[in-house]
Amino acid sequence: MAAKLILSMDGLVLKEIPLTKERTTIGRKPHNDIQIDNLAISGEHSVIVTILNDSFLEDLNSTNGTYVNGQPIKKHFLQNNDVVELGKYKLKYINETPTQTTAADFEKTMVLRPDLMKKTAEQTAAKSPSMSDTQVGMKAVDTHAGMAPPPQPAAPASPPPAPQAMPVGAIQILTGANAGKELELTKNLTTLGKPGVQVAVITRRPHGYFITHVEGANFPVVNGTALDAHPRELKDHDVIELASVKMEFFLKG
């Protein structure tokens, strides 16, 4: 079930908005996905980025600010029953699906913390359920292809088995103080960049890795071309420019 927002004013529910898009904009101007025609609302007030089952709210330097549960925010990881306040209007966030990440994960900027990069990658590789899924999927593919079966009967593979055997992706920093550092993308969602300047999220999906712009006026650049508001699939050896840092995406064999 997709997450949704319930728009209300003075306790009166005005409408429900399903979060089916990667980017849902909120503001006074007509081009916004959620238009609130009120002078207290900026033309482009805030945006919600939805990736898999997770949604992130960002204030777009609005005049009167964006509040969640009574607290002003610049960037916020939305959780079930959070109430977003824009002037007299309220948007209640409803998401009954378990999330893929946590608020702490979203706040991390892996590129800027070289001391944590290796340790985090190793810990995640050891603990990540997605890695276990990959190993199970690979076993299922081998059995299906007619290769020597394991001693015990293999569990039935859930179709389609092939995408589960996707190789692990990684990022290597090419420029800046962290040049040469490497980060394995073993989590379902990895945040890269510099909060307040430029932030992107790389999501690990069954059929590949995708990069999506989350924060900042300028969009990340991949192989010399700026991203748009939509996610872009990453290919082996793509070069990403993000927050004045160049990095290369590659697949580990």
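Procedures and definitions
- Residues numbered from 1 in each chain as written.
- Predicted model: local features only at pLDDT ≥ 70, side-chain atom pairs only at ≥ 80, totals over all residues.
- Heavy atoms only, no water.
- Helix = DSSP H or I, 4+ residues; strand = E, 2+ residues; numbered from the N terminus.
- Buried < 20%, exposed > 50% of the residue type's maximum accessible area, 1.4 Å probe, protein only.
- Contact = heavy atoms within 4.5 Å.
- Areas by Shrake-Rupley, 256 points an atom, 1.4 Å probe, with all protein chains shown as cover.
- Pairing = 2+ DSSP bridges.
- Axes fitted to C-alpha atoms, helices over the stretch in contact; angles between N-to-C directions.
- Phe/Tyr/Trp six-rings, centres within 6.5 Å; stacked < 30°, edge-to-face > 60°.
- Salt bridge = Lys/Arg side-chain N within 4 Å of Asp/Glu carboxyl O.
- pLDDT = per-residue confidence, 0-100.
- Polar contact = N/O pair within 3.5 Å; in protein donor to acceptor, adjacent residues only side chain to side chain.

(A) Layout of the overall build of the chain. When you go through the chain residue by residue, the secondary structure sums to three helices and 21 strands. Counting every position in the chain, which comprises 253 residues, the buried fraction comes to 43%. At a minimum sequence separation of 6, the contacts of the chain that also span at least 24 residues come to 44%. With the model as given, the accessible surface of the chain reaches about 13,100 Å², and the carbon-plus-sulfur share is 54%.

(B) Highlighting the sheet that holds strand β1 (residues 4–9). Overall, antiparallel pairing links the six strands, which are arranged β2-β1-β11-β10-β7-β8 in an open sheet. The open sheet is flanked by β2 (12–18) and β8 (71–73), the only strands paired with a single partner. Strand after strand, the sheet turns through a mean of 30° between neighbouring axes, direction not considered. Alignment of strand β7 (residues 66–68) against strand β10 (residues 83–86), held across two bridges, turns out to be antiparallel. Residue V68 lies in a different strand from β10, and its bridge partner there is V84.

(C) View of the packing of aromatic side chains. Going through the model one piece at a time under the given rule, you end up with two aromatic pairs. On the basis of an interplanar angle of 50° and a centroid distance of 5.7 Å, the ring pair of F56 and F77 is categorised as tilted. Pair noted here: F56 is in strand β6 (residues 54–59) and F77 is in strand β9 (residues 75–77), with a separation of 21 residues, a long-range link. Residue F56 is classed as buried on the basis of its relative accessible area, which comes to 1%.

(D) Representation of the pattern of salt bridges in the model. Taken as a whole and assessed by the stated rule, the structure comprises seven salt bridges. Among the salt bridges present, the one from E16 reaches K4, with a minimum N-O distance of 3.3 Å. Of this pair, E16 sits in strand β2 while K4 sits in strand β1, placing them twelve residues apart in sequence. The class for K4 is partly exposed, based on a relative accessible area of 26%.

(E) Quick peek at the sheet that holds strand β12 (residues 169–173). In space, the six strands of this open sheet follow the order β13-β12-β21-β20-β17-β18, with antiparallel pairing throughout. Every other strand in the sheet has two partners, leaving β13 (182–184) and β18 (225–226) as the edge strands with one partner each. Bridging between β12 and strand β21 (residues 245–251) involves five bridges; their strand directions are antiparallel. Paired with A170 across the strands is F250, a residue of β21.

(F) Focus on the confidence of the model for the chain. When pLDDT is averaged along the chain, the result is 77, and 72% of the positions lie at 70 or above. With pLDDT under 50 throughout, residues 109–147 is counted as low confidence; its partners more than four residues away or in other chains account for 57 contacts.

(G) Expanded view of the pairing of β21. Of all seven residues making up β21, five are buried, and the element is well covered by its neighbours. Sheet topology places strand β20 (residues 239–242) next to β21; four bridges connect them, and they run antiparallel. In the sheet register, L242 faces β21, and the bridge partner there is V245. Counted between consecutive antiparallel strands, the loop separating β20 from β21 contains two residues, among which A243 sits at a positive phi close to 50°.

(H) View of the side chain of Q198. Mapped onto the fold, Q198 is located in strand β15 (residues 198–205). A polar contact of 2.7 Å, which involves the side chain of Q198, links it to the backbone oxygen of N218. Of note is the side chain of Q198, whose polar atom sits 3.3 Å from the backbone oxygen of F219. Once residues within four sequence positions are removed from consideration, Q198 is found in contact with L192, G193, E215, G216, N218, F219, P220, L242 and A243.

(I) Fine view of the pairing of strand β11 (residues 89–94). Examined bridge by bridge, β1 and β11 share six bridges and lie antiparallel to one another. By the bridge assignment for β11, L7 is matched with L91. In the sheet, β10 pairs with β11 via four bridges, with the strands oriented antiparallel. By the bridge assignment for β11, V83 is matched with K92. The turn joining β10 and β11, which pair antiparallel and follow one another in sequence, is formed by two residues; a positive phi near 65° is taken by G87.

(J) View of unusual backbone geometry. Look at N81: it is not a glycine, yet its phi comes out positive at around 75°. With respect to the helices, strands and loops of the structure, N81 is situated in the loop between β9 and β10. Look at N81 and you get partly exposed, because its relative accessible area is 42%.

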